[in-house]
Amino acid sequence: MPVENKYNGYPEMKPIYSWSLGVFALALLLNIGVALGLGMKKAMDSDALQYLRIAQNLAAGKGYVTDATFWPGQPTMQRLPGWPAVIAVALRIVPKLDPDIVMRLTCLLCNAAIAGLLVLVAWQLWARLLPAVLAGLLYAIHPVALFLAYYGSSEMLFLVLVCAGLLAWSHSQRWRPVACLLFGAACLERANFLLWLPLAGVILGIYIARGKIIYHRGLLVRGALCAFLFLVPAILWMVRNHAVSGHFPVMSTLRGQTFYGGNNPVVADEWKYWGYWVFPDQIPGEKRLAELAQSGFSEYDADVYYFRKGDAYIRAHLFEMPRLWFGKLVRAYVPVPWKPAWNTYVAGAFRLVVYAGLAWGLMLGWRQVAPGIRLAFIAMAFANVVTVVVFWGYARFAFALEPFYLPFVGLAAARVIEEWRMEG
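Below or above, wherever it landed, is the structure these notes cover.

## Regarding the overall build of the protein
Right, so step 1: Looking only at helices and strands, one finds 20 helices and zero strands in the protein.
Right, so step 2: Taken over the C-alpha trace, the protein has a radius of gyration of 22 Å; the compact-globule value for 424 residues is 22 Å, and the two agree within 12%.
Right, so step 3: By its C-alpha atoms, the protein is 70 × 55 × 45 Å across when sized along the principal axes.
Right, so step 4: Per-residue burial for the protein yields a buried fraction of 51% across its 424 residues.
Right, so step 5: For the protein, contacts bridging at least 24 residues in sequence account for 74% of all contacts bridging at least 6.
Right, so step 6: The average position of the 36 basic charges and that of the 23 acidic charges among the side chains of the protein differ by 7 Å.

## Comments concerning the pattern of salt bridges
Right, so step 1: Here the structure, examined in full by the defined rule, presents 10 salt bridges.
Right, so step 2: Here Arg 288 ties to Asp 281 by a salt bridge, and the two come within 3.9 Å at their closest N and O atoms.
Right, so step 3: Owing to a relative accessible area of 45%, Arg 288 belongs among the partly exposed residues under this scheme.
Right, so step 4: Between Lys 309 and Glu 286 there is a salt bridge, with the nearest N and O atoms lying 3.5 Å from each other. With Lys 309 in helix α15 (residues 299-316) and Glu 286 in the loop between α13 (265-269) and α14 (289-294), the pair connects residues that are 23 residues apart, well separated along the chain.
Right, so step 5: By relative accessible area, which is 10% here, Glu 286 ends up buried.
Right, so step 6: Through salt bridges with shared partners, a single network forms among Asp 47, Glu 155, Arg 190 and Arg 396.

## Some points on the side chain of Asp 100
Right, so step 1: Summarising the element assignment, Asp 100 is placed in helix α5 (residues 99-126).
Right, so step 2: Here Asp 100 occupies a buried position and makes no salt bridge, while the nearest side chain of opposite charge, Arg 53, is found at 5.8 Å.
Right, so step 3: Discounting residues that sit within four places of it in the chain, Asp 100 has contacts with Lys 42, Ala 43, Met 44 and Leu 52.

## A short note on unusual backbone geometry
Right, so step 1: With omega at -5°, the peptide bond leading from Phe 248 into Pro 249 counts as cis.
Right, so step 2: Assignment of secondary structure puts Pro 249 in the loop between α11 (217-245) and α12 (255-261).
Right, so step 3: Residue Ala 127 is not a glycine yet carries a positive backbone phi of 55°.
Right, so step 4: Structurally, Ala 127 can be placed in the loop between α5 and α6 (129-140).

## Re the environment of Phe 397
Right, so step 1: Tracing the sequence through the fold places Phe 397 in helix α19 (residues 395-399).
Right, so step 2: Beyond its immediate chain neighbours, meaning those up to four positions away, Phe 397 contacts Asn 384, Val 388 and Trp 392.

## Points about a nonpolar patch on the surface
Right, so step 1: On the surface, Val 89, Ile 93, Val 94, Leu 97 and Leu 105 cluster together into a nonpolar patch covering about 410 Å² of accessible area.
Right, so step 2: Within the secondary structure layout, Ile 93 lies in helix α4 (residues 82-93).

## As for helix α16 (residues 321-333)
Right, so step 1: The end-to-end C-alpha distance of α16, which contains 13 residues, comes to 18 Å, matching closely the 18 Å that a straight helix rising 1.5 Å per residue would cover.
Right, so step 2: Turning to α16, its buried residues are Met 321, Leu 324, Gly 327, Lys 328, Val 330, Arg 331, Ala 332 and Tyr 333.
Right, so step 3: Contacts made by the buried residues of α16 are with α13, α15, α17 (342-365), α18 (371-390) and α19.

## Some words on the side chain of Asn 111
Right, so step 1: By secondary structure assignment, the location of Asn 111 is in helix α5.
Right, so step 2: For Asn 111, a relative accessible area of 1% gives the class buried.
Right, so step 3: In contact with Asn 111, other than residues within four places in its own chain, are Asn 31, Tyr 139, Ala 145, Leu 146, Ala 149 and Met 156.

## Comments concerning the packing of helix α8 (residues 155-171) against α18
Geometry of a packed helix pair, given as the angle between the helix axes and the separation of the axes.
Right, so step 1: Two elements in contact, α8 and α18, have axes separated by 10 Å at closest approach and are oriented at 155°. The orientation of α8 with respect to α18, classified from their angle, is roughly antiparallel. α18 is crossed by α8, and the crossing has right-handed handedness. Counted together, Val 162, Leu 166, Trp 169 and Ser 170 of α8 and Gly 372, Ile 373, Ala 376, Phe 377 and Met 380 of α18 form the full contact between these two elements.
Right, so step 2: When its residues are assigned to classes, the contact of α8 with α18 shows seven nonpolar, two polar and no charged.

## Quick look at the environment of Gln 257
Right, so step 1: Along the polypeptide, Gln 257 turns up in helix α12.
Right, so step 2: Once the C-alpha coordinates of Gln 257 and Ala 302 are considered, the two residues, 45 residues apart in sequence, prove to be 8.3 Å apart.

## As for helix α9 (residues 176-186)
Right, so step 1: Restricting attention to buried positions, one finds in α9 the residues Arg 176, Ala 179, Cys 180, Phe 183, Gly 184 and Ala 186. Seen along its axis, α9 keeps its buried residues to an arc of 155°; they face one direction.

## Side note on the nonpolar core
Right, so step 1: If you look at the biggest cluster of nonpolar residues, it comprises 92 residues, and the most contacted ones within it are Tyr 139, Met 156, Val 162, Phe 193 and Trp 196.
Right, so step 2: By residue number, the principal contributor to this core is α5, which donates 18 residues.
Right, so step 3: Contacts of Tyr 139, omitting those with residues within four sequence positions, involve Asn 111, Ile 114, Ala 115, Leu 118, Ala 145, Met 156, Leu 159, Phe 399, Pro 403 and Leu 406.
Right, so step 4: Counting 18 residues, the second largest nonpolar core, distinct from the first, contains Val 266, Tyr 273, Tyr 313 and Met 321.

## Considerations on the packing of α5 against helix α20 (residues 406-423)
Right, so step 1: The N-to-C vectors of α5 and α20 enclose an angle of 65°; their axes lie 9 Å apart at closest approach. Here α5 lies roughly perpendicular to α20, going by the angle between them. For the crossing formed where α5 meets α20, the hand is right-handed. Contacts between α5 and α20 involve Leu 118, Val 121, Ala 122, Leu 125 and Trp 126 on the former and, on the latter, Leu 406, Pro 407, Phe 408 and Leu 411.
Right, so step 2: Its residues assigned to classes, the contact of α5 with α20 comprises nine nonpolar, no polar and no charged.

Calculation notes
Residues numbered from 1 in each chain as written. Predicted model: local features only at pLDDT ≥ 70, side-chain atom pairs only at ≥ 80, totals over all residues. Heavy atoms only, no water. Helix = DSSP H or I, 4+ residues; strand = E, 2+ residues; numbered from the N terminus. Rg over C-alpha atoms; globule rule 2.2 N^0.38 Å. Buried < 20%, exposed > 50% of the residue type's maximum accessible area, 1.4 Å probe, protein only. Contact = heavy atoms within 4.5 Å. Lys, Arg positive; Asp, Glu negative; His and termini not counted. Charge placed at Lys NZ, Arg CZ, Asp CG, Glu CD. Salt bridge = Lys/Arg side-chain N within 4 Å of Asp/Glu carboxyl O. Patch = residues over 30% accessible without salt bridge, like charges linked within 9 Å, V, L, I, M, F, W, Y side chains within 5 Å. Areas by Shrake-Rupley, 256 points an atom, 1.4 Å probe, with all protein chains shown as cover. Expected span 1.5 Å × (residues − 1). Axes fitted to C-alpha atoms, helices over the stretch in contact; angles between N-to-C directions. Parallel < 35°, antiparallel > 145°, perpendicular 65-115°, else oblique. Left-handed = near helix turned anticlockwise from the far one by under 90°. Nonpolar A, V, L, I, M, F, W, Y, C, P; charged D, E, K, R; others polar. Arc of directions from axis to C-beta. Core = buried A, V, L, I, M, F, W, Y, C linked by side-chain atoms within 4.5 Å.

Nothing here speaks to function; it is all geometry.
What follows is the structure, encoded as structure tokens:
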């Protein structure tokens, strides 16, 4: 039986909280150790730098703006607001500390928190100490997690919110509205998670049709309330973007760049980029983004322009798209590095072990998982795959799902340890 049905109180949970805190502390030490080894003061770059610039402006009271675009000083809609808001709070708390260090430490804290939270998630699933602790420890040593945390990636906050949402959902009916708000807040780090809602609705319908969940009027009311709460954070952000652009709904004006960047002749036909992504500037014959901005295109105009270009490419090459879709899936989920290096091979080997443990863990424990949590896991998996197929193949997209494999991997690893002890 899932723990949510077996336990309905805190006394049995006290020991696991201690273990969760211990795993968090161990993970934090490991994260700080890696950061010190690679350089705590290393400057942020790529998307982390853009998040940091927005956060600095927020902390300084200048609004949600950044100079790291072709529309400097204007309110931006490119980057989602969750991670910059958290970094802005951290910058206000320690204003004299180097901003890169503040962002890195915040991300390391979040990454360590995920390890501790996964202990609790696995406990909620199995009510067994060893699989729960193993799940947290496996995340603590996940090479991709350590890498992304060091570079200030927004995935860490996303995972904290989803883990917290799963715990709230499993705790009791009263906590489920809180869970939905947490899941909704996670969409402000990863907009593709909005797909969770329609996919969850489809899966819920299948469960009802198969008799795994009994339909009643209260279920419909609660479902509508949960859907509303889930959408509240995204709607508030889209209302803000409507005030900026005059258009609705707009979650991010990077949608067009990522969509066209993952659906074009370069990524379809060149082996080096097959299934991957390129800046639209690299597509032969395409106008540079700087040219669009100089000709009067706004962020929103450029987003729509690129989205239509990507849509036109797909329509013109629909018969050839399965090859590109396959490339995207390979890029995201097959842990073989395209740029060979020792660190990428280590990360790939770890992911292979995780996949093998997941397969066994699902066979051992899937039937024990409560229907509501099954629904969440399946919907998250589908949303992840849809994101990869629609946009582009990237192991970083796959990583957003991998921590939720680890409770099952922990269950499989615990079985190995228990059998080894019995034989000994």
